[in-house]
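Breakdown of the fold
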Amino acid sequence: NSDCYTAISLNVHLQALISPERKSHRTILTNDISRGREANPIQCINSIDDEQKPTDFVYISENCITSDLINIDRKISTMNSCLCEEKCTSFNCLCCNHSLRCWYDEEGKLLADFNYSDPPMIFECNQLCNCNAITCNNRIVQHGLTQRFQLFKTETKGWGIRTLRNIAKGTYVCEYIGEVIADTEADRREDDSYIFDLDNKDSESFCIDAKQYGNFTRFINHSCEPNLIPIRVFIEHHDLRFPRIAFFANRDITAEEELSFDYGERFWIVKYKSFTCDCGSLNCKYS
Ligand SMILES: COc1cc2c(NC3CCN(Cc4ccccc4)CC3)nc(NCCCN(C)C)nc2cc1OCCCCCN
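Now for a description of the structure that goes with this document. Note that this is a predicted model, so its numbers are computed, not measured. (Residues numbered from 1 in each chain as written. Predicted model: local features only at pLDDT ≥ 70, side-chain atom pairs only at ≥ 80, totals over all residues. Heavy atoms only, no water.)

Moving on to the site of the ligand. Close contacts around the ligand come from 16 residues, with Asp187, Asp192, Ile195, Asp197 and Phe267 the closest. Tyr176 places a polar side-chain atom, nitrogen or oxygen, 3.2 Å from a nitrogen atom of the ligand. The contact in question runs from a nitrogen atom of the ligand to an N or O atom on the side chain of Asp187, over 3.0 Å. Relative to its unbound accessible surface of 900 Å², the ligand loses 74% to contact with the protein. Judged by the proximity of its atoms to the pocket grid, the ligand belongs to the largest pocket. (Near = heavy atom within 4 Å. Polar contact = N/O pair within 3.5 Å; in protein donor to acceptor, adjacent residues only side chain to side chain. Areas by Shrake-Rupley, 256 points an atom, 1.4 Å probe, with all protein chains shown as cover. 1 Å grid on protein atoms, 1.4 Å probe; cavity = no way out; pocket = protein on both sides within 12 Å on 5 of 7 lines; lining within 4 Å. Sits in = over half its atoms within 2 Å of the grid points.)

Glancing now at the layout of surface pockets. Approximately 1,100 Å³ is the volume found for the largest pocket. Together, 39 residues line the largest pocket, and Ile195, Phe196, Asp197, Tyr263 and Arg266 are the ones closest to its centre. Its residues assigned to classes, the lining of the largest pocket comprises 20 nonpolar, six polar and 13 charged. (Points joined across faces, edges and corners; volume = space filled by probe spheres on them. Nonpolar A, V, L, I, M, F, W, Y, C, P; charged D, E, K, R; others polar.)

Read across the sheet, four strands follow the order β5-β13-β14-β8 without closing on themselves; strand pairing throughout is mixed. Both outer strands of the open sheet, β5 (122–123) and β8 (172–175), are each paired with one neighbouring strand and no more. As defined by bridge partners, β8 adjoins strand β14 (residues 244–249) across three bridges and the pair is classed as antiparallel. Within β14, the residue paired with Cys174 across the bridge is Phe247. (Pairing = 2+ DSSP bridges. Helix = DSSP H or I, 4+ residues; strand = E, 2+ residues; numbered from the N terminus.)

The final tally for this structure, using the stated rule, is zero disulfides. Here Cys224 is not cross-linked by a disulfide; its sulfur's nearest cysteine counterpart is in Cys279, at 3.7 Å. (Disulfide = S-S within 2.5 Å.)

Another aspect to go through is the sheet that holds strand β2 (residues 43–46). In a beta sheet, neighbouring strands pair by backbone hydrogen bonds and run either parallel or antiparallel. Within the open sheet, the four strands sit side by side as β1-β2-β6-β7. Their pairing is mixed. The open sheet has two edge strands with one neighbour each: β1 (27–30) and β7 (159–163). The sheet shows a mean angle of 35 degrees between the axes of neighbouring strands, direction not considered. Examined bridge by bridge, β2 and strand β6 (residues 149–153) share three bridges and lie parallel to one another. Across the sheet, residue Ile45 finds its bridge partner in β6, namely Phe152. (Axes fitted to C-alpha atoms, helices over the stretch in contact; angles between N-to-C directions.)

With that out of the way, let us pick up unusual backbone geometry. Despite not being glycine, Arg35 shows a phi value in the positive range, around 50 degrees. Looking at where Arg35 falls in the secondary structure, it is placed in the loop between β1 and β2. At Leu100, a residue that is not glycine, the phi angle is positive and equals roughly 75 degrees. Residue placement: Leu100 occurs in the loop between α3 (94–98) and β5.

Quick look at the pattern of salt bridges now. This structure, assessed with the given rule, holds 20 salt bridges. Among the ionic pairs, Lys75 bridges to Asp73, the shortest N-O distance being 3.0 Å. The exposure class of Lys75 is partly exposed, given its relative accessible area of 49%. Residue classification places Asp73 among the partly exposed residues on the basis of a relative accessible area of 23%. Residue Asp192 pairs with Lys271 through a salt bridge whose shortest N-O separation is 3.1 Å. Taken as a pair, Asp192 in the loop between α4 (183–186) and β10 (195–197) and Lys271 in helix α5 (residues 265–271) lie far apart in primary sequence, 79 residues in all. Each of Glu179, Glu185, Arg188, Arg189 and Asp209 takes part in one network of salt bridges that share partners. (Salt bridge = Lys/Arg side-chain N within 4 Å of Asp/Glu carboxyl O. Buried < 20%, exposed > 50% of the residue type's maximum accessible area, 1.4 Å probe, protein only.)

On to the side chain of Asn221. Mapped onto the fold, Asn221 is located in strand β12 (residues 221–222). At a separation of 3.0 Å, a polar atom in the side chain of Asn221 contacts the main-chain carbonyl oxygen of Trp159. In contact with Asn221, not counting residues within four places along its chain, are Thr154, Lys157, Trp159, Gly160, Glu258, Leu259, Ser260, Phe261 and Tyr263. (Contact = heavy atoms within 4.5 Å.)

What follows is the structure, given as structure tokens:
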């Protein structure tokens, strides 16, 4: 029919307008979206359209608090620490035993028998431990980022994050950073696209909202077959209401692959009416 013809001919004309070099042209929009706040710069590129780098948020590299409703218990009297002299091994280290065992191998990757589908909480050694803050094996997330990332414009999912290097299964990749809020506050937030729930079995539960304040993980897209899983990690405090969310690779990831994690049901219950999942995986749950 004529509408269809119009749409097709319009598309043909539009494609002709996009010059060939424009299509392959990778426009670098900035060399570091973190402006020096991360160990390595994170470039932002767009080879899809004319959208400029995202500026509608404040880049932070550590979680922040904006309300006095949030009071994280940092008393050192409520913290476990170890008395290890040398390396912390699972057998006599109180911190490793607190995590059931030290789940990091000699190279700082999760052990082969780590349970990726129902992961334990991890208690890293902390400022009160007797072990060496550099050589102790039970200190991975606290040493920060070691991988190289790029913020890029995807074809259909807005911005996304890709790795520029191969990442082996079990490697610590990044932390979900944002504003720590009460779930009652989250219930008042209009744009809930960047909320991460710190679901706590007990009464009050909290969230990390990366909409206004966040790091590059706010741009990581959903997949039903993700290459990252979130692990709850405790380091400088043991207030179980406020775990730090550390993403680890649940399989080998090749350079240039887009990073993803499973946003879970609560995201899709809210967003399914606006858009569906196009992760393309065989057992996609929300398409
Ligand atoms: C869209 O994805 C999510 C939405 C969430 C949400 N949304 C609410 C829905 C009601 N409106 C109400 C409202 C509507 C309009 C205006 C104001 C308020 C306010 C926002 N609330 C809460 N937690 C709040 C506590 C739950 N409550 C039931 C106790 N967690 C959420 C976790 C989500 O993804 C998680 C993974 C995604 C990772 C993203 N990078």
